[in-house]
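Listed here are the chains, written in short residue letters.
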Amino acid sequence: MADNRIYNFSAGPSMLPVPVLERAASEMLNCKGSGMSVMEMSHRSKVYDGIIKETEAAMRRVLSIPDNYKVLFLQGGATTQFAAVPMNLMKSGKADYAVTGNFANLAYKEALKFGDIHVAFSSKEGNFDRVPTQAELDIRSDADYFYICANNTIYGTEFHYDPEAPAGVPVVADMSSNILSKPVDVSKYGVIYAGAQKNMGPAGVTVVIVREDLLGAYPTEKYPTILDWKLMAEKDSMYNTPPTYGIYILGLVLAWVEEMGGVTAMQKLAEKRAGMLYDYLDSQDFYQAVAETESRSNMNVTFRTGDEELDAKFAKETAALGMSNLKGHRSVGGMRASIYNAMPVEGVETLIAFMKKFAEENQK
Ligand SMILES: *Cc1c(COP(=O)(O)O)cnc(C)c1O
């Protein structure tokens, strides 16, 4: 690890791989012989055209995205897509949502503005401590789409299977906080989208992967031009200025993922990091894991001591030791360790060593 770098357990924006930051630094003043930074470059220039095309090609390679899917690089964060999803996909005005956490709930509430929305599953009663099994999903066969949040960043739960919907109902997944952490069978989804700042790059770019035959339902005369996926696909994400620098960093992150062995290697590392933490949590009774075992996320590990003062002390002491952002989200309390692709295994080892020491010093 470079000097003075800390272990940043932030849920997002979060750590980026050091080689990516070093490469960006080395190209800051003069990128690819252009004599300028990517930030200063016309998005219509030849150098930039090469950058965005290679970023898309790398995205397609890394996630094995089939040819009948478009890859869009958009602005406005994942939150903008909460509205763009119903706007682009509603034909009959019906959609079904699995409400498994804060962002799923926000997406659901946004969709209510556009049509008849049915809750296919909710874990609200258990304060979102789990995701549903396939058998628990109640999806209407005439819904325009079925929506899930693949990893619930705040609560620390994750779908470990690809949910299925009735024939003809496309599945839409918000993968903001677990994209690139494991292989995904894109063909099982109609739409996958993700804000970059958890596991892909800096805030400012959102990737939308959409099956071509789903494009075209957007009422262009009624809705804003900028949210029309079909138009964005036709214009190669360049209807207006795309988030140029974010796309460039995303390209560097994808190159790093490929160099590391692709998403299969990312999955092994994710399972190792999360496994170490969950194994430790299960081996003692000072801390309690928040999420139900079957639903545990490999990206966001939530736990608590059961004593708010001790939780606060934990966050303070870890921060002083160069482990930042371990305080849990206010709606869950306790602690949350976000351990995305760029978190070194040593970061988790350091955290567990501290957890053991803290437990000894603060026995209840
Ligand atoms: C962070 C997050 C969002 C919100 O992303 P913004 O880019 O801030 O709009 C949505 N969904 C999930 C799963 C997230 O983790």
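Residues numbered from 1 in each chain as written. Predicted model: local features only at pLDDT ≥ 70, side-chain atom pairs only at ≥ 80, totals over all residues. Heavy atoms only, no water.

*Asks:* Help me understand the packing of aromatic side chains, please; the structure alone is not making it clear to me.
*Replies:* How two aromatic rings sit relative to each other is set out by the distance from centre to centre and by the angle between their planes. Taken as a whole, this structure holds 17 aromatic pairs when the rule is applied. When the centroid spacing of 5.8 Å and the interplanar angle of 85° are considered together, the rings of Tyr-287 and Phe-303 count as edge-to-face. On the criterion of sequence distance, the pair formed by Tyr-287 in the loop between α7 (262-282) and β11 (288-289) and Phe-303 in strand β12 (residues 300-304) is long-range, its members being 16 residues apart. Summarising the burial analysis for this pair, Tyr-287 and Phe-303 share the class buried. (Phe/Tyr/Trp six-rings, centres within 6.5 Å; stacked < 30°, edge-to-face > 60°. Helix = DSSP H or I, 4+ residues; strand = E, 2+ residues; numbered from the N terminus. Buried < 20%, exposed > 50% of the residue type's maximum accessible area, 1.4 Å probe, protein only.)

*Asks:* Just checking my understanding: could you explain the domain arrangement of the protein for this structure?
*Replies:* Size of an interface: often given as the accessible area lost when the parts come together. Along its sequence, the protein is organised into domain 1 (7-19 + 261-362) and domain 2 (20-258). A straight line from the C-alpha centre of domain 1 to that of domain 2 covers 26 Å. When the buried area of domain 1 at its contact with domain 2 is split by residue, Leu-16, Pro-19 and Val-263 rank highest and sum to 21% of it. For the pair domain 1 and domain 2, the interface holds 0 salt bridges. Linking domain 1 to domain 2 there are 26 residue pairs in polar contact (both at pLDDT 80 or more). At the level of elements, α1 (18-26), α7 and β12 are the ones that each hand at least two residues to the side of domain 1 that touches domain 2. The element that contributes the greatest number of residues to the side of domain 1 that touches domain 2 is α7, accounting for 7 residues. Grouping the constituent residues of the side of domain 1 that touches domain 2 by class yields 16 nonpolar, 14 polar and 4 charged. (Domains from an automatic or database assignment. Buried area = accessible area lost by both parts, 1.4 Å probe. Salt bridge = Lys/Arg side-chain N within 4 Å of Asp/Glu carboxyl O. Polar contact = N/O pair within 3.5 Å; in protein donor to acceptor, adjacent residues only side chain to side chain. Nonpolar A, V, L, I, M, F, W, Y, C, P; charged D, E, K, R; others polar.)

*Asks:* Please clarify how the sheet that holds strand β10 (residues 206-211) should be interpreted in this entry.
*Replies:* Strand pairing in a sheet relies on backbone hydrogen bonds. The paired strands run either parallel or antiparallel. Strand order in the open sheet formed by 7 strands is β2-β10-β9-β8-β5-β3-β4, with mixed pairing between adjacent strands. With one partner strand each, in any of the chains shown, β2 (69-74) and β4 (116-122) form the two edges of the open sheet. Put simply, the sheet's adjacent strands are angled 20° from each other on average, direction ignored. Two strands pair when backbone bridges link them, and strand β8 (residues 171-174) and strand β9 (residues 191-195) are joined in this way by 3 bridges, in the parallel orientation. Looking across to β9, one finds that Val-172 is bridged to Val-191. Strands in contact with helix α2 (residues 46-62) are β2 and β10; relative to β2, the strand with the most contacts, it is inclined by about 130°. (Pairing = 2+ DSSP bridges. Axes fitted to C-alpha atoms, helices over the stretch in contact; angles between N-to-C directions. Contact = heavy atoms within 4.5 Å.)

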